[in-house]
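In case you want the letters, here they are:
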Amino acid sequence: MDANVRSSLDHLAVADPEAAKRMQRHLNDWQPADGHVPLDKVVDEVIQALAMEITFGRNFADGMGRMLALGIPSHLDRYRNILKVAADHGPTLANLFASHLIPVLTCGDPKLAGRFDSITRVMLKKGTYTLKAPLETLSVLIRDKEMISALAFLDLLMATYGLDTSYNRTVYLTHTLPRAVIGFSPSRRPWQIRGLTRMIQTDERLADQYLTGLAAGLDLLSETALNDFLDHAIRRHEKDARLGARFLSLESEGAKKMCRDRQVTVPLSLVRSALERYLFARTGSAVAVRPFSALPTIPVEEKMPMPMVLCDGRTIYLPDDMDVMDRQADNAELYKLLVRLEAGVIEFGTFSFDVEKVSDEVGLPQPLDEAGSPVPRSDLARFLRLFEDSNEALDLFTTFEHARIAHEVKRNYPGLHGRLTSILSHGTRLDRIGGSPGGTWYFLYRHLVLGESLKPATRRTASIRPMVDRFRRLIEAGDATVQTSAYMVLKHAKHPEEPVVGRSLGDYRPLVLPFGRRFIPSCFGPVPTAYDQMAADIRDRLAKQQIRVYRSDLCNLLVSQQGQISTTDLKRLIVCTPKNGADKDTAMPSRLDLHAVLCSHGIRQLEKDVDESRAFRYREWDTCMADYLMDRVRLREREITGTSPDIYRQTVTEHSGLVRRIRYAFELLRPEGLTILRQWKEGDDFDYRALLDYAMDKKAGLMPSDRLYIKRTKRQRDVVALLLVDLSRSTGNAVDQSGTRVLDVEKQAIVLLCEALTVVGDRFAIAGFSGSGPLGVDYYRVKDLDEPLDEKVKGRIGAMAPQRSTRMGAAIRHATAVLSNIQARAKLIICLGDGYPNDLAYKGAYAVEDTRRAIMEARTATIHVKAITVNVSDNGQLDRLYGATHHTLIGNVRDLPDRLVRVYSALTRH
């Protein structure tokens, strides 16, 4: 940095270090040029701005730094002059311009800057309050490079603030219009803004009806269809303002019909569930379908068309809305087509690509990542590093892999292959998606994938004949994999000095495929990520002992066995062993602790003596995919080991007074043996009160009642309850200085509840649960429904101990299954715990949503689920889990015994 620049910034830092830091980050490599305002003068102006208002000064410093770094004197002078004028009107206006004038001046569109000056003058006549929200929205549009929308938005502001509206109406429009514009779909935002401008120019009161209509379905109209609809609305408004407003807001049946008839856009949300069901049926795994807006950034190479579909092996990304075709049905069909195309790469193992396996097969050095690389590269990215021209290598890999997939589709789904080939051969309005197919290797793609014949008698086709023949022999052998495609690339693109088609690298044109389909190395991930990480961990541990296995083989085995793996399995996967003469049978070191490895990834090894008759499989809700993972969780029923009956007796003795009160209160809950019901038309005996009323009505000449009998009925409670106790590690935490644990207090509450339920006569069961990964959920049977409260049960209550984690969804599903086959008028599950669901790979929103879904499943089976939670702060998640009225929060665990009995009494009183 120049010494003079450093000196000026040091001077500014004395006044405000933050302002100096903001300016410096733009001027690290800046060199003063002729014609620029001296930096000392700029710093003095910033200090004056700081004196006026600290926030304005800092934003002004940031803006001046950006203007200086931009190096355009006219922009700098314009920025300074506007800020000077704004500062004369106060720091509020100056601060707004300091922040939002920068993107206007740096966007590169002089037309936008001119309109900005004009509209801000009009808005200032209304008041400074009109600027904040509109300028924030304008900055967002410019930042997202939506220049057409930005210009349309300025026209909207000019039309709005040029009207003579009241102060209240102006305030309303100032906050409503920017928020509405940001809510428009980016692909349709320009013409929807222009439609809003038309309505305001016609009658500004129609703005509300227009926005209502957009929310009701107008937002899915194309530009031509929307303009046509607005023409009809304006004509109706000219005849009758009230009818025109109803038409615009889609309140009339005629308007709804016209909107449906002109609607061509299909939102992804409308077809997403059907697409995911198709993918599950086709691939056998839960593949998510997500909109492009769910991607942080969409990787698009320069001069390449925007893709209409992307796949990373776990998720297929599609446009948020589809409006390429002229009919709605065709747009919905286009979504299906794209998913059918991408389903092949998932179904036939494209993303199981293992670069190490390919390198070993052809004798190449391993293309490992650079040391210290913060982001691990995908296997495809590592593979492409082997080539001088990685773009050509990627195009060849894409061509061969798509050809392999097409071969597999043709063999397994001949009808689908014919339809897809026909569509790809003839095109589907490809000009609308940013470019037509082409590129240096596109002729080979059309031959291998689409089955078109090669042009005869040309040097180009003759040179690739051996390559085509070799590839066909490999895929027709029946065991071709993604490694086959990589092998072909290595054979024909590794040596650029021997080009296949006789051209120089500079003549190369990238491959552009229909719908922009292509493999993105940065989005090329294995399936699923959790198992791949586990496979990489096991591979690395074995590599330290000079034992080679392939990550892809390990990952495939883990997927097929749901995370379970044994030493015997590993022996079958060994590629090579230490150079000491050992073979595969003796090379597996005993030092590899598979149990520890699996536990570190959230999976517990199954015991060898597992009784499968007491093991159960349950599904789990994946909130990210919005679908169930079938047979995801393995739950095992277990017995409490050990016995401690003294704890039960000790609790009853210590709380003898409370036990007496509880027993008395629950005796009152027991219904009387016989209940008399009066005023029945038939029954067990006459109701003498009714007979007296009958005689008096008869004598008075009134029509007497014929309800003259009583019935004697036997009433009894028919309640079945299951107390589900969380046995996670956290229940071992102490609640006082004497060392009393949360679980100790829970045991006291369970003892008191047992005493109460024995008095009232309800059938009840007690169970505890704990978890260690999806395959290690334990369900401890403490007391079964028909088991008497004997010394064994009391001993199990005392022997309950903290275990591991809290995988609550599976425990609730198993409790629901236990109660589903029981005949009772009322069924109740009470969840007793000290926190939220939390387990390995089962945290946050994922765990909450799965538990919530399990509770909904129980309630669908007419089983009431209530919760009593202790020692946690109420952050709203409990309401999300159980519902606002279905849980009780106890701040002091000492209150649990008394509160548990009260809650149960209240739940079952009626």
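Residues numbered from 1 in each chain as written. Predicted model: local features only at pLDDT ≥ 70, side-chain atom pairs only at ≥ 80, totals over all residues. Heavy atoms only, no water.

### Some words on the packing of helix H13 (residues 223-239) against helix H15 (residues 253-262)
Turning to step 1, where the next piece is worked out: One way to put it is that H13 packs onto H15 with a least axis distance of 10 Å and a crossing angle of 160 degrees. On the basis of their axis angle, the class for H13 and H15 is roughly antiparallel. Note that H13 runs across H15; the crossing there is right-handed. Together, Ala225, Asp228, Phe229 and His232 of H13 and Ala255, Met258, Cys259 and Arg262 of H15 make up the contact between the two elements. (Axes fitted to C-alpha atoms, helices over the stretch in contact; angles between N-to-C directions. Helix = DSSP H or I, 4+ residues; strand = E, 2+ residues; numbered from the N terminus. Parallel < 35°, antiparallel > 145°, perpendicular 65-115°, else oblique. Left-handed = near helix turned anticlockwise from the far one by under 90°. Contact = heavy atoms within 4.5 Å.)

### A few points about the sheet that holds strand E2 (residues 288-291)
Turning to step 1, where the next piece is worked out: The strand order across the open sheet formed by 3 strands is E2-E4-E3, and the pairing between neighbours is mixed. Each of the sheet's edge strands pairs with one partner strand only, and the pair in question is E2 and strand E3 (310-311).
Turning to step 2, where the next piece is worked out: As defined by bridge partners, E3 adjoins strand E4 (residues 315-318) across 2 bridges and the pair is classed as antiparallel. By the bridge assignment, Leu310 is partnered in E4 with Tyr317.
Turning to step 3, where the next piece is worked out: In the packing of helix H16 (residues 268-283) onto the sheet, contacts are made with E2 and E4, and the angle to E2 comes to roughly 155 degrees. (Pairing = 2+ DSSP bridges.)

### Focus: helix H5 (residues 73-88)
Turning to step 1, where the next piece is worked out: The end-to-end C-alpha distance of H5 is 23 Å, a good match for the 22 Å that 16 residues give at a rise of 1.5 Å each.
Turning to step 2, where the next piece is worked out: Next to the buried residues of H5 lie helix H3 (39-52), helix H4 (54-70) and helix H6 (91-106).
Turning to step 3, where the next piece is worked out: Positioned one or two residues after H5, Gly90 has a phi angle of 120 degrees, which is positive. (Expected span 1.5 Å × (residues − 1).)

### Comments concerning the pattern of salt bridges
Turning to step 1, where the next piece is worked out: Scanning all chains against the criterion turns up 51 salt bridges.
Turning to step 2, where the next piece is worked out: Linking Asp744 and Arg741 is a salt bridge whose minimum nitrogen-to-oxygen distance equals 3.0 Å.
Turning to step 3, where the next piece is worked out: Given the relative accessible area of 22%, Asp744 is considered partly exposed.
Turning to step 4, where the next piece is worked out: The class for Arg741 is partly exposed, based on a relative accessible area of 26%.
Turning to step 5, where the next piece is worked out: Each member of the salt-bridge network shares a partner with another, and the members are Glu45, Asp77, Arg80 and Lys84. (Salt bridge = Lys/Arg side-chain N within 4 Å of Asp/Glu carboxyl O. Buried < 20%, exposed > 50% of the residue type's maximum accessible area, 1.4 Å probe, protein only.)

### Regarding the environment of Ala854
Turning to step 1, where the next piece is worked out: Examined against the element boundaries, Ala854 turns out to sit in helix H36 (residues 844-860).
Turning to step 2, where the next piece is worked out: Separated by 45 residues in sequence, Ala854 and Gly809 have C-alpha atoms that sit 5.5 Å apart.

### Some details on the environment of His232
Turning to step 1, where the next piece is worked out: Looking at where His232 falls in the secondary structure, it is placed in helix H13.
Turning to step 2, where the next piece is worked out: With 23 residues separating them along the chain, His232 and Ala255 place their C-alpha atoms 9.3 Å apart.
Turning to step 3, where the next piece is worked out: Aside from chain neighbours lying at most four places away, what touches His232 is Phe247, Met258 and Arg262.
Turning to step 4, where the next piece is worked out: Within polar-contact distance, the side chain of His232 engages the backbone oxygen of Asp228 at 3.0 Å. (Polar contact = N/O pair within 3.5 Å; in protein donor to acceptor, adjacent residues only side chain to side chain.)

### Here we look at the packing of aromatic side chains
Turning to step 1, where the next piece is worked out: Taken as a whole and assessed by the stated rule, the structure comprises 19 aromatic pairs.
Turning to step 2, where the next piece is worked out: Relative to Phe247, the ring of Phe229 lies with its centre 4.8 Å away and its plane at 15 degrees, an arrangement referred to as stacked. Here Phe229 is found in helix H13, whereas its partner Phe247 is found in helix H14 (residues 241-248), with 18 residues between them in sequence.
Turning to step 3, where the next piece is worked out: With relative accessibility at 1%, the residue Phe247 sits in the buried group.
Turning to step 4, where the next piece is worked out: On the basis of an interplanar angle of 40 degrees and a centroid distance of 4.7 Å, the ring pair of Phe351 and Phe524 is categorised as tilted. Placement of the pair is Phe351 in the loop between helix H17 (328-347) and helix H18 (355-362) and Phe524 in the loop between helix H24 (482-493) and helix H25 (529-543), with a sequence separation of 173 residues. An identical accessibility class is assigned to Phe351 and Phe524; each is buried.
Turning to step 5, where the next piece is worked out: Following the ring pairs from residue to residue traces out a cluster consisting of Phe351, Phe353, Phe383, Phe387, Phe397, Phe519 and Phe524.
Turning to step 6, where the next piece is worked out: Taking NZ or CZ as reference, Arg619 lies 3.7 Å from the ring centre of Tyr628, over its face.
Turning to step 7, where the next piece is worked out: The ring of Phe764 carries the charged tip of Lys783 above its face, separated from the ring centre by 4.2 Å. (Phe/Tyr/Trp six-rings, centres within 6.5 Å; stacked < 30°, edge-to-face > 60°. Lys NZ or Arg CZ within 6 Å of the ring centre and 35° of its normal.)

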